[in-house]
Amino acid sequence: MTASGTMSANALQGVRVIEMGQLIAGPFAGKTLGDFGADVIKIEAPGAGDPLRNWRMMKDGTSVWWQVQSRNKRSLALDLRSEEGQDIARKLIAEADVLVENFRPGTLENWGMGWDVLSELNPGLVMLRISGYGQTGPYRDLPGFGAIGEAMGGLRHLTGEPGRVPVRCGISIGDTLAALHGTIGVLTALYHRKVNGGKGQVIDVALHEAVFNVMESLIPEYSAFGAVREAAGSALPGIAPSNAYRCVDGYVLVAGNGDSIFKRLMQAIGRPDLGDATDLANNAGRVARVDEIDAAIGAWTAERTVGDVLDVLGAAKVPAGKVYTAKDIAEDPHYRARDMILTQQTREGYEVEVPGIVPKLMGTPGSVRSAAPRLGEDTDAVLREIGLSEDQIAALRARKVVA
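Residues numbered from 1 in each chain as written. Predicted model: local features only at pLDDT ≥ 70, side-chain atom pairs only at ≥ 80, totals over all residues. Heavy atoms only, no water.

1. Structural notes on the sheet that holds strand β11 (residues 320-322)
The 3 strands lie next to each other as β9-β10-β11, forming an open sheet whose pairing is antiparallel. With one partner strand each, in any of the chains shown, β9 (242-247) and β11 form the two edges of the open sheet. Strand-to-strand twist of the sheet, defined as the mean angle between neighbouring strand axes without regard to direction, takes the value 25 degrees. In the sheet, β9 pairs with strand β10 (residues 250-255) via 6 bridges, with the strands oriented antiparallel. (Pairing = 2+ DSSP bridges. Helix = DSSP H or I, 4+ residues; strand = E, 2+ residues; numbered from the N terminus. Axes fitted to C-alpha atoms, helices over the stretch in contact; angles between N-to-C directions.)

See the structure below:
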């Protein structure tokens, strides 16, 4: 509640997060918590900062990706490799609710910030640890990136066309899945601490486990039948029809795999014979004749534009959609109507459009309260908050502990 007694738009207002991660997984978790009101203090190395500042396309010296990944955060440029820097970090963590880190296991322990030390300083601390293989197990010390997690988690084996080199989905989905699982863990641990009177705890997220957790029936099918699921291109194996089909001017995705939806789809494309076939009335029968069904749909779409196909299938209440590009998303009125394209004013002075806040909470929708910070922009303010004087801050800066 705010001072006036009204509900705050930011459900996590008052929650302080120390973010020690860099690049994608840890910082995406920090971004998500920040979007819903948490005070996120991002610790970056003096001089270089988070490498994401320089990834992909740059404008005025900074990545535009940075503008969305680091909104609602404050930047503290602090040398964690120095003893003084580690001491400052421990003081910050002692007063925090959440610590997010995605270093290789053992790094924080080497810096005197293992869970044994931090939990004694702050018994209520919730510590999110994202790593390639987790904090335990025979692979814990191996280096791991999201792409490796996608491979080990089973996803890469299923992407692409049968018999060809596995492909990635075009984004760092392994990192983001780990971040989202980590965020769920943080919120669960905070709830347990507040409602059940529990203590703080460690949330151990491994990149490959986050990917594996969304692999649906992969392991049960192997366990029950010895079936090894393989890549299937644009189709969804075992579910029919669900595929991408060529049109005159592009591709359209059609999901006609519900029993009643299939009948409507076949009627819409002029194939009531298939829609009325008794052996196609359920999914198992359709899977057995999926090539025939796909050919019928493909022959119909091949003579029409994407727009025409979507108009017909929309009228028939058959789920279908075009393959969106960035331009399609930016120009789509539905995205605009749901505040999924936001305009941010950057620290560099220009405006940039970025993704909106997800999920949509009606009472506490979250907000973008501040632009992504310059490196060390909030160093002095954060250090003052833990009691350091101007002279102490100046001395630390002279020794290059902070910047």
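2. With respect to the packing of aromatic side chains
Enumeration over the complete set of coordinates arrives at 4 aromatic pairs. On the basis of an interplanar angle of 75 degrees and a centroid distance of 5.3 Å, the ring pair of Phe103 and Trp111 is categorised as edge-to-face. Neither Phe103 nor Trp111 differs from the other in exposure class; each is buried. Summarising the aromatic geometry, the rings of Tyr324 and Tyr335 are spaced 6.4 Å apart at their centres and angled 40 degrees between planes, so their arrangement reads as tilted. Residue Tyr324 is located in the loop between β11 and α15 (326-331), and its partner Tyr335 is located in helix α16 (residues 333-337); the two are separated by 11 residues in the primary sequence. Given a relative accessible area of 36%, Tyr324 falls into the partly exposed group. Since its relative accessible area comes to 30%, Tyr335 is described here as partly exposed. Note that Lys59 overlies the ring of Tyr350, its terminal NZ or CZ placed 5.1 Å from the centroid. Stacked on the ring of Phe262, the Lys or Arg Arg286 has its end atom at 5.1 Å from the ring centre. (Phe/Tyr/Trp six-rings, centres within 6.5 Å; stacked < 30°, edge-to-face > 60°. Buried < 20%, exposed > 50% of the residue type's maximum accessible area, 1.4 Å probe, protein only. Lys NZ or Arg CZ within 6 Å of the ring centre and 35° of its normal.)

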